[in-house]
Each structure stands twice: as structure tokens, then as C-alpha cells.
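The chain contents come next:
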Amino acid sequence: MHITVAHSPDSDDAFMHYGLSSGKVPNEGIEFSHLLADIETLNRAAFAGTYEVSAVSFHAYAHLADKYVLLPHGSSMGDNYGPMVVVRKDGPSSLDGVTVAVPGELTSAFMYLRMFKPDVRYTVMPFDTILEAVRDGDAEAGLLIHEGQLTYEDEGLRSLVNFGEWWAERTGGLPLPLGGNVIRRDLGPEMVRKVSRILHDSIAYSLSHRDEALDYALQYGRGLARDKADTFVGMYVNGLTLDYGDRGRAAVQRFLDEGFEKGILPTRVVAEYA
């Protein structure tokens with residue numbers, strides 16, 4: 001059996017999958033390969049069921065629940081932190097009349113932006129070009145995901161809204177759901193359970209062998225210093241990644257429910273876990 005595990009080329013995803021990709025976690029007779037692509041590309045590929053296992057935005061998952069089920073681990077959630085809208089220090093003080101560069105219409109970050117400002121004007125750019133576009137004056141504002149959340153001030157930018165803080169305040173402290181790992185339903189219950197167990201063990205291995213997993217993840221850190229890479233990995237690979245728990249599952253359902261109630265999602269979706 002061959003299983004492709006598709007995920008983002010980021011230090012947190014690399015850290016999460018280190019145990020499996022390094023061979024430190026047994027593959028139990030399954031041939032695994034890793035496919036790296038930005039999250040919006042993975043979101044689009046999942047509509048066609050391209051990969052057996054994939055990282056996707058929770059926003060995209062709402063459209064994919066017929067093909068995929070969420071694994072009970074592998075989530076990325078911000079606990080009072082997360083994607084943010086940034087501007088130059090001399091830039092606008094609100095989003096009124098401002099065009100925001102966003103990393104994709106299916107990202108969870110974009111759905112939070114639409115919840116925050118339903119009539120927002122936006123343009124889509126690759127996620128790893130947005131910070132520089134704002135810094136260089138090619139974009140009025142930018143929606144940052146990934147490492148830019150830690151480095152934007154170094155580039156002379158300031159935050160207009162941090163969606164992790166905004167979400168926690170309005171939900172009584174729930175974490176901010178961003179992305180999860182999904183597995184294709186047509187693999188069947190037995191294979192789904194087996195793959196799920198292996199991927200869980202990969203995360204657990206990395207968390208218990210942090211230094212070696214971080215060494216591996218640094219090659220995907222896009223120039224982050226080790227201390228900042230360590231901080232970033234800790235933000236998005238933690239206890240909630242190993243198991244959503246009641247708090248994480250409540251946050252995902254709140255996100256999906258609000259997306260439907262605000263007219264962003266076309267149907268009401270109940271999150272289902274393998």
C-alpha cells in the first residue's frame with residue numbers, strides 16, 4: 001500500500017512528520033511518500049481527492065467532508081495568537097477602503113478576515129510574498145500566516161488585528177482553528193485507523209525528541225533563527241496537535257458553525273473525526 005502525505009513546506013509541518021519521514025517511527029508495511037506544497041494548493045488538490053492524507057485549512061475541510069474525514073491529531077491551532085493583518089508603520093489605521101493581500105480564498109485565515117470585515121477588499125498572493133509586498137509598498141495591507149507572525153516587526157510593519165486574540169476574546173478563550181490533517185474515506189476503516197496510529201506516533205516522537213526534530217525542521221524555516229523556529233514550532237505543534245481534546249473540537253465546530261451562520265459556508269458542517 002502506498003500513501004502520499006501532503007503537507008506544507010513549513011517548519012511546523014516538517015517537525016510534525018519528522019518521526020515518520022526519518023524512519024524513526026515504523027511504517028507497518030505501508031510505503032509513505034511526502035508531498036510538499038503551500039496550503040492553498042493542497043486545499044485545491046483535496047477537492048479532487050488527489051492525496052490519501054493531506055493538510056488542509058478548516059475552511060476548505062467544510063467543502064471536503066464528503067471525501068475526507070479529520071484525523072484526531074495533526075491540527076494547527078493558535079492559542080491567543082494566529083494569523084494577522086499587518087500594514088506599514090505609516091499605513092492605514094483600519095481596513096476601510098483598504099485592499100488586503102491574502103494567501104488564498106480557502107485558507108482559514110481568509111475566513112476569519114471575512115468574519116471580521118465581511119465587505120473586505122482583497123487580492124490573492126502567494127503566502128510567502130505577502131510580508132515583502134506590504135514592506136515594499138506593493139500592497140496596502142497583508143494577511144500573514146506562518147513565520148511572518150514572528151518577523152513582521154523586523155520589517156517595519158505593525159499589526160492591525162491578530163485573529164488569535166480576536167477569536168479568544170469573542171469565544172471565551174477557545175483556540176483558533178487553522179488547519180488539520182485529513183484522510184480519504186475510501187481507504188476504508190481499517191486502513192484509516194492504521195495510518196492514523198502511525199501519524200499520531202510520528203507527532204509523539206517529534207515532541208519527545210524535540211532537538212533532533214527541530215534540527216530537521218530548520219531546513220523549512222525560510223531563514224528563521226533557531227530560537228524563533230523553536231518558538232514557531234511550539235506555537236503550532238503541541239498538546240492540541242497530538243489530540244484535539246474537547247477544547248479543540250469545540251473550537252473547530254464553533255468555526256464551522258459561524259462560517260455557515262455568516263453566509264461564508266454554503267452548508268452547515270459537523271466535524272467528523274477518524
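In case you missed it, the structure is sitting above this.
Calculation notes
Throughout, a residue's number is its position along its own chain's written sequence, starting from 1. Given that the model is predicted, a residue must reach a pLDDT of at least 70 before its local features are reported, and side-chain atom pairs must reach 80 or more before they are shown or counted; all residues, however, enter totals for whole chains, interfaces and linings. Processing note: side-chain calculations cover all non-hydrogen atoms of the structure and skip hydrogens and water entirely. A pocket, in this scheme, is an open set of points on a 1 Å grid over the protein atoms alone with protein on both sides within 12 Å along at least 5 of 7 lines, while a cavity is a set where a 1.4 Å probe fits but cannot get out; residues line either one if an atom lies within 4 Å of a point. Grid points are joined across faces, edges and corners, and a volume is the space filled by probe spheres set on the points. The secondary structure listing takes helices from DSSP runs of H or I that are at least 4 residues long and strands from runs of E that are at least 2 residues long, numbered from the N terminus. Amino acid classes used here: Ala, Val, Leu, Ile, Met, Phe, Trp, Tyr, Cys and Pro are nonpolar; Asp, Glu, Lys and Arg are charged; the rest, including Gly, are polar. For every residue, the accessible area (1.4 Å probe, protein chains only) is compared with the maximum for its type, and the residue is labelled buried under 20%, exposed over 50%, or partly exposed between those bounds. Two strands qualify as a pair provided that DSSP identifies no fewer than 2 bridges between them. Contact between two residues is taken to exist if any of their heavy atoms lie within 4.5 Å; hydrogens are not considered. Distance and chemistry together define a polar contact, namely a pair of N or O atoms within 3.5 Å, with one atom able to donate a hydrogen and the other to accept it when in protein, and with adjacent residues in sequence counting only for side-chain atoms on both sides. Helix axes are fitted only over the stretch in contact, all axes being lines through C-alpha atoms; the angle between N-to-C directions runs from 0 to 180 degrees. Any angle from 65 to 115 degrees is called roughly perpendicular, while one under 35 is roughly parallel, one over 145 is roughly antiparallel, and all others are oblique.

1. Concerning empty space enclosed by the protein
Using the criterion set out here, one finds one cavity of 30 Å³ or more in the structure. Computed from the structure, the largest cavity encloses a volume of approximately 300 Å³. In terms of lining, the largest cavity is formed by 24 residues, of which the most central are I39, S76, H146, L178 and G179. Broken down by element, the lining of the largest cavity gets its largest block of residues, four residues, from strand β11 (residues 176-184). In terms of residue class, the lining of the largest cavity is built from 10 nonpolar, 11 polar and three charged.

2. A closer look at the pairing of β11
Across the nine residues that make up β11, a large majority, nine, are buried. For strand β3 (residues 53-57) and β11, the ladder comprises five bridges, and the chain directions are antiparallel. Directly across from V56, in β11, lies its bridge partner G180. Bridge count between strand β4 (residues 68-70) and β11: three bridges; the pairing is antiparallel.

3. Focus on helix α8 (residues 163-171)
Taken residue by residue, α8 has F163, G164, W166, W167, A168 and T171 as its buried positions. If you follow the buried residues of α8, they end up packed against β6 (84-88), α5 (108-116), β9 (141-144), β10 (157-162), β11 and α13 (245-261). With a side-chain oxygen positioned 2.9 Å from the backbone nitrogen of G164, the residue opening α8 is N162. Once α8 ends, the next one or two residues include G172, with phi positive near 75 degrees.

4. What about the sheet that holds β9?
Spatially, the five strands line up as an open sheet ordered β8-β7-β9-β6-β10, and their pairing is mixed. The sheet is open, and its two borders are formed by β8 (121-124) and β10, each paired with just one other strand. Within this sheet the neighbouring strands show an average axis-to-axis angle of 30 degrees, counted without direction. Inspection of the sheet shows β6 paired to β10 by five bridges, in the antiparallel sense. Bridge pairing in β10 places V86 opposite S159. Running over the sheet, α8 touches β6, β9 and β10 and is turned about 25 degrees from β10.

5. A few points about the side chain of E147
By secondary structure assignment, the location of E147 is in the loop between β9 and α7 (148-151). Note on E147: relative accessible area 7%, which makes it buried.

6. Some points on the packing of helix α9 (residues 189-208) against helix α10 (residues 210-217)
For the pair α9 and α10, interaxial distance at closest approach is 5 Å and the crossing angle is 105 degrees. The angle between α9 and α10 places the two elements in the roughly perpendicular class. Contacts from Y205, S206, L207 and S208 in α9 reach R210, E212 and A213 in α10. Each residue belonging to the contact of α9 with α10 can be placed in one class, and the counts come to three nonpolar, two polar and two charged.

7. Some remarks on unusual backbone geometry
Here E28, not a glycine, exhibits a phi torsion of approximately 55 degrees, which is positive. With relative accessibility at 32%, the residue E28 sits in the partly exposed group. Within the chain, H146 stands out as a residue other than glycine whose phi angle is a positive 60 degrees. Take H146: it is sitting in the loop between β9 and α7.

8. As for the environment of F260
Mapped onto the fold, F260 is located in helix α13. Between the C-alpha atom of F260 and that of A213, which follows or precedes it by 47 residues, the distance is 38 Å. Apart from residues no more than four positions distant in its own chain, F260 is found in contact with L265, P266, T267 and R268.

Worth remembering: the numbers are spatial, not functional.
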